[in-house]
Amino acid sequence: MSKVLVVVATVMGALTLGGCVSGEQRSSEPPGDTVSFPPPSAPEEAPPEESSEPPANSGVNTAVECTAEDITVTGAADQHPEITLPDNCSAPTKLIVADLAPGTGPEAVEGAAMQANYALTAWSSGEEIETSYPPSGQGPLPIDTVGSGLIEAWNQGLVGMRQGGRRLIVAPPELAYAGSGNELENETLVFVVDAVQVTPA
């Protein structure tokens, strides 16, 4: 669950977004790092089409890159979100950070600690591949130091969140697992993060 995105110097038990573990004890590693995702199933054969348009969420370059406004996130802050990716634009090549709900509590400045729930979706498939939200996940991921120790997209993207807030973070491979050997190293990752608790530095 919480092996989500924390590309700590060692690719966390999930964010290696990179960051969590199952069972007895909660992992402090970032999402994506240590999770072993099953290989994609073989696509079903479909009759050839004459359309030259790329398949939905294929990552194929189109004339327009997607923006935060093209991504649909539903569900109340602090509840498991549903993420829907567009099929009429290409995967972003730069970091996207957008507040979906502002939050009113303490601010996660660099050096602060926080507890965060997250859901991770792979751009290429549009499928959720990791979450910390119960019942599937083990609950909030502990982050000891905001601004360091995670994948770069989280190091940058969590700064400035306020407790109670929800944020969208879209990480191109270069700010996630590129070159790490992680099975997500070539993937654009879409995170929705809830700042459950923020402890000032």
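Treat the numbers as computed from the prediction; the structure is a model and nothing was measured.

A. Region of the structure containing the overall build of the chain. The helix and strand tally for the chain stands at one helix and eight strands. Listing the helices and strands of the chain from first to last along the sequence gives β-β-β-β-β-β-α-β-β. For the chain, the residues scored as buried account for 46% of the 201 residues in total. A total accessible area of about 9,900 Å² is found for the chain, and carbon and sulfur atoms account for 48% of it.

B. Structural detail: the state of the cysteines. Enumeration over the complete set of coordinates arrives at one disulfide. A sulfur-sulfur distance of 1.9 Å marks the disulfide that ties Cys66 to Cys89. Sign of the S-S torsion, about 100° for the bond between Cys66 and Cys89, identifies this disulfide as right-handed. With Cys66 in the segment before strand 1 (72-74) and Cys89 in the loop between strand 2 (82-84) and strand 3 (96-101), the pair connects residues that are 23 residues apart, well separated along the chain. Residue classification places Cys66 among the buried residues on the basis of a relative accessible area of 3%. Classification of Cys89 as buried rests on a relative accessible area of 9%.

C. Structural context of the packing of aromatic side chains. A complete count under the given rule lists two aromatic pairs for this structure. Arranged with centres 5.7 Å apart and planes meeting at 80°, the rings of Tyr118 and Trp154 form a pair that is edge-to-face. Separated by 36 residues along the polypeptide, Tyr118 in strand 4 (residues 113-122) and Trp154 in helix 1 (residues 152-157) bring together distant segments of the chain. In this structure, Tyr118 and Trp154 share a single accessibility class: buried. Ring centres of Trp154 and Phe191 lie 5.4 Å apart, and the angle between their planes is 70°; on these two criteria the pair is classed as edge-to-face.

D. Representation of the environment of Glu82. Structurally, the position occupied by Glu82 is in strand 2. In sequence terms Glu82 and Val192 are 110 residues apart; their C-alpha atoms lie 9.1 Å from each other. Excluding its chain neighbours within four sequence positions, the residues that come into contact with Glu82 are Thr72, Val73 and Thr74.

E. Inspection of the nonpolar core at higher detail. Met114, Ile143, Trp154, Leu158, Leu189, Phe191 and Val193 are the most contacted members of the largest nonpolar core, which has 26 residues in total. Elements with a minimum of two residues in this core: strand 4, strand 6 (141-143), helix 1, strand 7 (166-171) and strand 8 (189-199). If one sorts the elements of this core by residue count, strand 8 sits on top with five residues. Apart from residues lying up to four places away in sequence, Ile143 is in contact with Ala113, Met114, Ala116, Leu150, Trp154 and Leu158. Grouped together as the second largest cluster of nonpolar side chains are 16 residues, Cys66, Ala98, Ala119 and Val192 included.

F. Fine view of the side chain of Asn117. Counting through the fold element by element, Asn117 comes out in strand 4. Residue classification places Asn117 among the buried positions, given a relative accessible area of 8%. A distance of 2.7 Å separates the side chain of Asn117 from the side chain of Ser132, its partner in a polar contact. Among residues more than four places away in sequence, those in contact with Asn117 are Ser132, Tyr133, Gly139, Pro140, Val192, Val193, Asp194 and Val196.

G. Examining unusual backbone geometry more closely. Pro134 connects to Pro135 through a cis peptide bond whose omega is 5°. Turning to its location among the elements, Pro135 is positioned in the loop between strand 5 (128-131) and strand 6. Of note, Asp78 is a non-glycine position whose phi angle comes to about 85°, a positive value. Relative to the assigned elements, Asp78 resides in the loop between strand 1 and strand 2. Residue classification places Asp78 among the exposed residues on the basis of a relative accessible area of 53%.

H. Fine view of the pattern of salt bridges. Taken as a whole, this structure holds three salt bridges when the rule is applied. Ionic pairing is found between Arg167 and Asp99, a salt bridge with its closest N-O pair at 2.8 Å. Placement of Arg167 in strand 7 and of Asp99 in strand 3 is noted, with a sequence separation of 68 residues between them. Judged by relative accessible area, Asp99 falls into the partly exposed class, the value being 48%. The partner of Arg162 in a salt bridge is Glu107, with the nearest N and O atoms 3.5 Å apart. You can see Arg162 sitting in the loop between helix 1 and strand 7 and its partner Glu107 sitting in the loop between strand 3 and strand 4, a full 55 residues away along the chain. With a relative accessible area of 34%, Arg162 lands in the partly exposed category. Using a relative accessible area of 35% as the deciding quantity, one classes Glu107 as partly exposed.

What counts as what
- Residues numbered from 1 in each chain as written.
- Predicted model: local features only at pLDDT ≥ 70, side-chain atom pairs only at ≥ 80, totals over all residues.
- Heavy atoms only, no water.
- Helix = DSSP H or I, 4+ residues; strand = E, 2+ residues; numbered from the N terminus.
- Buried < 20%, exposed > 50% of the residue type's maximum accessible area, 1.4 Å probe, protein only.
- Areas by Shrake-Rupley, 256 points an atom, 1.4 Å probe, with all protein chains shown as cover.
- Disulfide = S-S within 2.5 Å.
- Phe/Tyr/Trp six-rings, centres within 6.5 Å; stacked < 30°, edge-to-face > 60°.
- Contact = heavy atoms within 4.5 Å.
- Core = buried A, V, L, I, M, F, W, Y, C linked by side-chain atoms within 4.5 Å.
- Polar contact = N/O pair within 3.5 Å; in protein donor to acceptor, adjacent residues only side chain to side chain.
- Salt bridge = Lys/Arg side-chain N within 4 Å of Asp/Glu carboxyl O.

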